[in-house]
Amino acid sequence: GAGVSQSPSNKVTEKGKDVELRCDPISGHTALYWYRQSLGQGLEFLIYFQGNSAPDKSGLPSDRFSAERTGGSVSTLTIQRTQQEDSAVYLCASSFQMTPTYEQYFGPGTRLTVT
Amino acid sequence: AQSVSQHNHHVILSEAASLELGCNYSYGGTVNLFWYVQYPGQHLQLLLKYFSGDPLVKGIKGFEAEFIKSKFSFNLRKPSVQWSDTAEYFCAVNDYSGGGADGLTFGKGTHLIIQP
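Residues numbered from 1 in each chain as written. Chains lettered and ligands numbered in written order. Predicted model: local features only at pLDDT ≥ 70, side-chain atom pairs only at ≥ 80, totals over all residues. Heavy atoms only, no water.

Caption draft 1: Summary view of the side chain of Gln2(B). The residue Gln2(B) is located in the segment before strand 1 (4–5) in this model. At a separation of 3.1 Å, a polar atom in the side chain of Gln2(B) contacts the main-chain amide nitrogen of Ser26(B). (Helix = DSSP H or I, 4+ residues; strand = E, 2+ residues; numbered from the N terminus. Polar contact = N/O pair within 3.5 Å; in protein donor to acceptor, adjacent residues only side chain to side chain.)

Now the structure itself:
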């Protein structure tokens, strides 16, 4: 079946603009995760959803970051007033259920460049 | 907070050489351990995982890893590497401290280059 998809694959934006990144998880996967991959920090966990709920938002880097999920499916990660340090690859992953024993399947990522 | 250390950031080997990539984690409780691989231009994909039971786990493409609880280690091994194993390798941990619902904590990755 189809894997996790993300759009856009690449996004170049000017500093101060808002951007919205989209993730389509594997059908039937209830858990969804966002990560950020950058040169200096490696892979960082940002936030997870169980269904439409995100119980813990403490992993988001700043209050300029927000995420939502609707219908237990598509999720969007929004970055307001982008800064150059936001440049990174943003990865989405999904798993069948929210327990540690289910494998997370990763999407191809969105490469964000803030100029 | 959980942390994961991968000691080798860049490894260069010749084909047919044996491979061992180190991974150590910090959390002393129950953990699940993973190795992910990212081939050039491709997604992260799971190589192998350890949840419980036999500490020697076998994954895809001839890879295996051994969980040594006393050493907080989960080293990845392959007896004979191939040129196609050139990739970035990430060790990751998920512990139960947050009820098991947290995301994975990744190491910084090891860039492996296999020379023909």
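Caption draft 2: Region of interest: the state of the cysteines. Residue and element names in this part refer to chain B. Applying the stated rule across the entire model yields 2 disulfides over all chains. Linked covalently through their sulfurs, cysteine 23 and cysteine 91 form a disulfide whose S-S length is 1.9 Å. Taking the sign of the S-S torsion, -65° for the link of cysteine 23 and cysteine 91, the bridge is left-handed. Remark: cysteine 91 occurs in strand 10 (residues 87–95) and cysteine 23 occurs in the loop between strand 3 (19–21) and strand 4 (24–25); sequence separation between them is 68 residues. Each member of the pair, cysteine 23 together with cysteine 91, is buried. (Disulfide = S-S within 2.5 Å. Buried < 20%, exposed > 50% of the residue type's maximum accessible area, 1.4 Å probe, protein only.)

Caption draft 3: Main features of the layout of surface pockets. By volume, the largest pocket amounts to about 630 Å³. The wall of the largest pocket is formed by 23 residues, among which Gln37(A), Leu39(A), Val89(A), Arg111(A) and Gln38(B) lie closest to the centre. Among the secondary structure elements, those contributing two or more residues to the lining of the largest pocket are strand 4 (31–38), strand 8 (88–95) and strand 10 (110–114) of chain A together with strand 10 of chain B. For the lining of the largest pocket, the per-class residue count stands at 8 nonpolar, 12 polar and 3 charged. (1 Å grid on protein atoms, 1.4 Å probe; cavity = no way out; pocket = protein on both sides within 12 Å on 5 of 7 lines; lining within 4 Å. Points joined across faces, edges and corners; volume = space filled by probe spheres on them. Nonpolar A, V, L, I, M, F, W, Y, C, P; charged D, E, K, R; others polar.)

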